[in-house]
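Each chain, letter by letter, is given below.
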Amino acid sequence: MDEHGLGPNGAMLYCMEYLEANYDWLEDRLKELGEETYVLFDLPGQVELTTNHESVKRIIRKLTKSGFRLAAVHLCDAHYVTDASKYISVLMLSLRTMLHLELPHVNVLSKVDLITQYGDLDFNLDFYTEVQDLSYLENALSSASPRFAALNMAICSLIEDYGLIGFETLAVEDKESMLHLMRVVDKATGCVFVPPPNAPQPEGTLEAASAPASQRPNVYGLFSSALGEIRGPRSDVRDVQERWIDAKKEWDAYERQQWRKEGELIQQEEAKKKSGIRERGGSTTK
């Protein structure tokens, strides 16, 4: 910014263009990590980078040619769903990002644990995560901006015509929520096809023990993980609504109680270990 007299946005775009022009540096740094490394690229929140600027898109293509199996995880604050116009804006932004990057895409409503602080939802949470019939938002959109009622419904129709958008949810401090999202992302990248190191090879396949994990045959992953439904405590959006919206206080109290019990068990185990060490030390001295 100081050297070229650029503002924050211009400097960010310049940096991406500079990285693209010096991609060989990035490629060398990534090779140092090894073939079996799971890499997370954390992009800045500046939407121009993923909606209409070409540098990130070209870098992604080069990474794909280098052998990376990429998926885009697009985070949006969950509180936007409490306002119909902001929710439509998030849908448009997500759709534009999906069409621009051309990657397997996971849209996420993050900070879902804070959603109740911004007001009540007009519909159940699954209405927003599954992007159901957007015509139900007509009254809310028209009351907020009557002059643009026809434009609002045309935008809703455009989003529904593509039929591409859906959302996962994330409460970053909730272990089950994070594990569910990791499973979804692994399914999008194809990591579910990668067998664990000790997995037996399917019968009738060529010996590939020395090949990288991503190149070894794994019929078990194909028929179980990859094609199976993702199940877990936070895999059903109705459970997410109960946890963070309908019964948040009750669940918070229950989890605090469980944490106390877990802490007491850990303290007891540590006390047992210490007493065992003291007993062994005493017998040695005798």
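Before any of the text, the structure's been laid out above.
What comes next is a walk through the structure.

Thresholds applied
- Residues numbered from 1 in each chain as written.
- Predicted model: local features only at pLDDT ≥ 70, side-chain atom pairs only at ≥ 80, totals over all residues.
- Heavy atoms only, no water.
- Phe/Tyr/Trp six-rings, centres within 6.5 Å; stacked < 30°, edge-to-face > 60°.
- Helix = DSSP H or I, 4+ residues; strand = E, 2+ residues; numbered from the N terminus.
- Buried < 20%, exposed > 50% of the residue type's maximum accessible area, 1.4 Å probe, protein only.
- Lys NZ or Arg CZ within 6 Å of the ring centre and 35° of its normal.
- Salt bridge = Lys/Arg side-chain N within 4 Å of Asp/Glu carboxyl O.
- Core = buried A, V, L, I, M, F, W, Y, C linked by side-chain atoms within 4.5 Å.
- Contact = heavy atoms within 4.5 Å.
- Expected span 1.5 Å × (residues − 1).
- Axes fitted to C-alpha atoms, helices over the stretch in contact; angles between N-to-C directions.
- Parallel < 35°, antiparallel > 145°, perpendicular 65-115°, else oblique.
- Nonpolar A, V, L, I, M, F, W, Y, C, P; charged D, E, K, R; others polar.

Comments concerning the packing of aromatic side chains
For the structure on display, the rule yields eight aromatic pairs. Geometrically, the ring pair formed by phenylalanine 123 and tyrosine 136 is edge-to-face, given 6.2 Å between the ring centres and 65 degrees between the ring planes. In this pair, phenylalanine 123 sits in the loop between β2 (105-110) and α6 (125-129) while tyrosine 136 sits in the loop between α6 and α7 (138-144), placing the two residues 13 residues apart along the sequence. Overall, the relative accessible area of 55% leaves tyrosine 136 in the exposed class. Through pairs of rings, three or more aromatic residues link up here, namely Tyr87, Phe123, Phe127, Tyr128 and Tyr136. Sitting over the ring of tryptophan 244, arginine 243 keeps its end group 3.8 Å from the ring centre.

Examining the pattern of salt bridges
Considering all chains together, one arrives at eight salt bridges under this definition. Residue aspartate 252 pairs with arginine 243 through a salt bridge whose shortest N-O separation is 2.8 Å. For the pair formed by aspartate 252 and arginine 243, the shared burial category is buried. Its salt-bridge partner being aspartate 252, residue lysine 248 comes within 3.1 Å of it at the nearest N-O pair. On the criterion of helical spacing, the pair formed by lysine 248 and aspartate 252 is a turn pair, its members being four residues apart in helix α12 (residues 248-285). Among the residues examined, lysine 248 registers a relative accessible area of 22% and is labelled partly exposed. Accessibility expressed as a relative area gives 19% for aspartate 252, which makes it buried. Through salt bridges with shared partners, one network takes in Arg243, Lys248, Asp252 and Glu255.

Details of the nonpolar core
Counting 29 residues, the largest nonpolar core has Tyr87, Leu91 and Leu134 as its most contacted members. When contributions to this core are tallied by element, the ones reaching two or more residues are α5 (84-101), α6, α8 (149-162) and α11 (237-246). Counting residues per element, this core draws most heavily on α5, which supplies seven residues. Setting aside chain neighbours within four positions, we find leucine 91 in contact with Val131, Leu134, Ile159, Ile165 and Phe167. Listed in part, the 13 residues of the second largest apolar core include Tyr23, Leu30, Ile59 and Leu63.

What to know about helix α1 (residues 8-21)
Across its 14 residues, α1 extends 20 Å between first and last C-alpha, which sits within 8% of the 20 Å expected from 1.5 Å per residue. Every buried residue belonging to α1 is among Ala11, Met16 and Glu20, and all of these are buried. In this structure, the buried residues of α1 make contact with α2 (23-31), α3 (48-51) and α4 (54-65).

Quick notes on the packing of α1 against α2
The contact between α1 and α2 brings their axes to 4 Å, and the two run at 75 degrees. The pairing of α1 with α2 is recorded here as roughly perpendicular in orientation. Contacts between α1 and α2 involve Leu19, Glu20 and Ala21 from the first element and Tyr23, Trp25 and Leu26 from the second. Classifying every residue of the contact of α1 with α2 gives five nonpolar, no polar and one charged.

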